[in-house]
Amino acid sequence: MALVLNGSGTITGVTDLATAGVALEDAALTDPVVTGGIYLGGTGAANYLDDYEEGTFTPTVEGSTTAGSASYSSQNGVYTKIGNLVTVNIFMSYGSHTGSGNMLVRNLPFANASGKQVDGCMVTWNTGTTYSGTVFSDMNNASTQLNIYYTAGSTATQVALPSGAAVAIHFSYRVS
Amino acid sequence: MALEKTVAADKIEIVGQFKAVQVRTATVITEDGVELSRSFHRHVIQPGDDYSNEEAEVQAVCAAVHTDEVKAAYAAFLEAQSAELAGE
């Protein structure tokens with residue numbers, strides 16, 4: 001017996017799939033809506049998946065001393081949230097900036113709840129600025145802000161706010 | 001055939017020790033009342049942020065949870081965290 005569910009379908013007269021002779025491999029689910037969560041691989045809290053969401057946000061580049069504002073030609077952010085893990089992809093390009101200090105990327109879509117700052121992977125290119133070492137980012141606890149660093153030898157130094165830049169970021173962090 | 005687009009905050013969450021207000025804005029396209037698409041845009045309002053341009057409902061939530069005590073605690077937390085990072 002095959003069981004097929006679609007987004008507008010309902011099951012009637014079946015209270016137990018095993019009794020009804022429906023094996024899991026026979027079930028084809030199309031657009032089911034789960035109003036709660038689902039347990040995967042166990043029944044503990046660590047096995048519980050209760051949220052999936054994807055969307056957009058509007059990131060900004062600001063300075064740590066003076067936030068300022070930028071003239072953006074691109075200012076795009078997308079996110080995917082799976083359980084308590086959020087992954088963001090950002091691309092921003094701006095030709096001028098009125099801020100000063102170190103470079104901050106703000107307005108991420110969720111507040112960080114990792115319990116401490118987390119280090120992330122970043123890919124970047126900056127017009128007018130070059131770095132000999134690795135460029136990376138981290139995120140303070142309870143914030144929606146990325147700090148941008150570059151490595152020089154064994155030292156990590158915050159990136160000064162470029163007057164113009166194109167920057168691409170891929171970053172993951174945990175949320176409540 | 002009537003197409004309609006609505007944009008509204010459909011989820012307002014208060015999260016964390018410092019009561020960050022996470023706002024999800026849904027853009028919904030319907031045709032004769034039948035939903036064709038729904039997309040989400042998010043932003044977060046931290047204690048001390050200006051929320052005067054938010055929807056009235058969001059403003060009310062922020063006003064309720066971002067008390068002077070919460071704003072002071074969050075500012076102190078950020079300062080302590082910055083000092084800790086500077087010492088690394």
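Everything that follows concerns the structure shown earlier in this document.
Criteria and thresholds
Residues numbered from 1 in each chain as written. Chains lettered and ligands numbered in written order. Predicted model: local features only at pLDDT ≥ 70, side-chain atom pairs only at ≥ 80, totals over all residues. Heavy atoms only, no water. Helix = DSSP H or I, 4+ residues; strand = E, 2+ residues; numbered from the N terminus. Buried < 20%, exposed > 50% of the residue type's maximum accessible area, 1.4 Å probe, protein only. Contact = heavy atoms within 4.5 Å. Rg over C-alpha atoms; globule rule 2.2 N^0.38 Å. Areas by Shrake-Rupley, 256 points an atom, 1.4 Å probe, with all protein chains shown as cover. Lys, Arg positive; Asp, Glu negative; His and termini not counted. Charge placed at Lys NZ, Arg CZ, Asp CG, Glu CD. Salt bridge = Lys/Arg side-chain N within 4 Å of Asp/Glu carboxyl O. Pairing = 2+ DSSP bridges. Patch = residues over 30% accessible without salt bridge, like charges linked within 9 Å, V, L, I, M, F, W, Y side chains within 5 Å. Buried area = accessible area lost by both parts, 1.4 Å probe. 1 Å grid on protein atoms, 1.4 Å probe; cavity = no way out; pocket = protein on both sides within 12 Å on 5 of 7 lines; lining within 4 Å. Points joined across faces, edges and corners; volume = space filled by probe spheres on them.

S.K.: What is the right way to read the overall build of chain A from this model?
M.R.: When its secondary structure is counted, chain A shows zero helices and 15 strands. Looking at chain A as a whole, 38% of its 176 residues are labelled buried. The long-range fraction of contacts in chain A, counting pairs at least 24 apart against all pairs at least 6 apart in sequence, stands at 64%.

S.K.: Please explain the overall build of chain B as it appears in this structure.
M.R.: A tally of helices and strands in chain B yields two helices and three strands. Helices and strands in chain B line up, N terminus first, as β-β-β-α-α. In terms of overall size, chain B is more extended than a compact globule, its C-alpha atoms giving a radius of gyration of 18 Å where 88 residues would be expected to give roughly 12 Å. Dimensions along the principal axes, computed over C-alpha positions, put chain B at roughly 65 × 30 × 20 Å. With 88 residues in all, chain B has 32% of them scored as buried. Of all intrachain contacts in chain B linking residues separated by at least 6 positions in sequence, the fraction that spans at least 24 positions is 40%. As displayed, chain B offers around 5300 Å² of accessible surface, 52% of which is attributable to carbon and sulfur atoms. If you average the places of the 7 positive and of the 16 negative side-chain charges in chain B, the two averages end up 5 Å apart.

S.K.: Honestly, the pattern of salt bridges in this entry has me stumped. Any pointers?
M.R.: Oppositely charged side chains can form a pair if their charged atoms are brought close together. Residues and elements named next belong to chain B. In total, this model carries nine salt bridges over all chains according to the counting rule given. A salt bridge links glutamate 13 to arginine 42, with the nearest nitrogen and oxygen atoms 2.9 Å apart. Within this pair, whereas glutamate 13 is found in strand E1 (residues 3–15), its partner arginine 42 is found in strand E3 (residues 34–45), the two being separated by 29 residues in sequence. Residue glutamate 13 is classed as partly exposed on the basis of its relative accessible area, which comes to 22%.

S.K.: Help me understand the pairing of strand E15 (residues 165–174) of chain A in this model?
M.R.: Regular strands have side chains that alternate between both faces of the sheet. Residue and element names in this part refer to chain A. With respect to burial, E15 is a largely interior element, seven of its 10 residues being buried. Across 10 bridges, the pairing between strand E8 (residues 85–97) and E15 is antiparallel. Within E15, the residue paired with asparagine 89 across the bridge is histidine 170.

S.K.: Could you clarify how one ought to interpret the environment of valine 88 of chain A in this entry?
M.R.: Take valine 88 of chain A: it is sitting in strand E8. Distance in space between the C-alpha atoms of valine 88 of chain A and serine 172 of chain A is 6.3 Å, their sequence separation being 84 residues.

S.K.: What is the right way to look at a nonpolar patch on the surface in this model?
M.R.: A surface patch of nonpolar side chains, amounting to about 260 Å² of accessible area, comprises Val34, Ile38 and Leu40 of chain A. With respect to the helices, strands and loops of the structure, isoleucine 38 of chain A is situated in strand E3 (residues 38–39).

S.K.: Honestly, the interface of chain B and chain A in this entry has me stumped. Any pointers?
M.R.: As a measure of interface size, the accessible area lost when the parts come together is often cited. In this assembly, 17 residues from chain B lie in contact with 18 residues from chain A. For the pairing of chain B and chain A, the buried interface totals around 1400 Å² over both sides, and the portion due to carbon and sulfur atoms is 44%. Taken together, the connections running from chain B to chain A amount to two salt bridges. Between arginine 24 of chain B and glutamate 53 of chain A there is a salt bridge, with its nearest N and O atoms 2.9 Å apart.

S.K.: What's the story with the layout of surface pockets in this structure? I'm lost.
M.R.: Taking a probe equal in size to a water molecule and rolling it over the atoms shows the remaining empty space. One number sums up the size of the second largest pocket: a volume of about 410 Å³. Asp31, Pro32, Val33, Val34, Thr35, Gly36, Gly37, Ile38, Leu49, Asp50, Asp51 and Tyr52 of chain A together form the lining of the second largest pocket.

S.K.: Explain unusual backbone geometry to me, please; I cannot follow it from the model alone.
M.R.: Most peptide bonds are trans, and most residues other than glycine sit at a negative phi. Of note, asparagine 107 of chain A is a non-glycine position whose phi angle comes to about 70 degrees, a positive value. As for its position among the elements, asparagine 107 of chain A is in the loop between strand E9 (103–106) and strand E10 (118–120). For lysine 19 of chain B, which is not a glycine, the phi torsion comes out positive at approximately 55 degrees. Mapped onto the elements of the fold, lysine 19 of chain B is located in the loop between E1 and strand E2 (20–31).

S.K.: What is the right way to look at the environment of threonine 30 of chain B in this model?
M.R.: Residues and elements named next belong to chain B. Its location among the elements puts threonine 30 in strand E2. Judged by its relative accessible area of 14%, threonine 30 falls in the buried class. For the pair threonine 30 and aspartate 68, spaced 38 residues apart in sequence, the C-alpha separation works out to 42 Å.

S.K.: Sorry, what's going on with the pairing of E2 of chain B here?
M.R.: Residues and elements named next belong to chain B. Counting buried residues along E2, nine of its 12 residues qualify, which places the element largely inside the surrounding structure. Here E1 pairs with E2 via 12 bridges, running antiparallel. Directly across from leucine 3, in E2, lies its bridge partner glutamate 31. Linking two consecutive strands that pair antiparallel, namely E1 and E2, is a turn of four residues; a positive phi of about 80 degrees is found at glycine 16 within it. Counting the residues in the hairpin turn of E2 and E3 gives two residues, including aspartate 32, whose phi is positive at 50 degrees.

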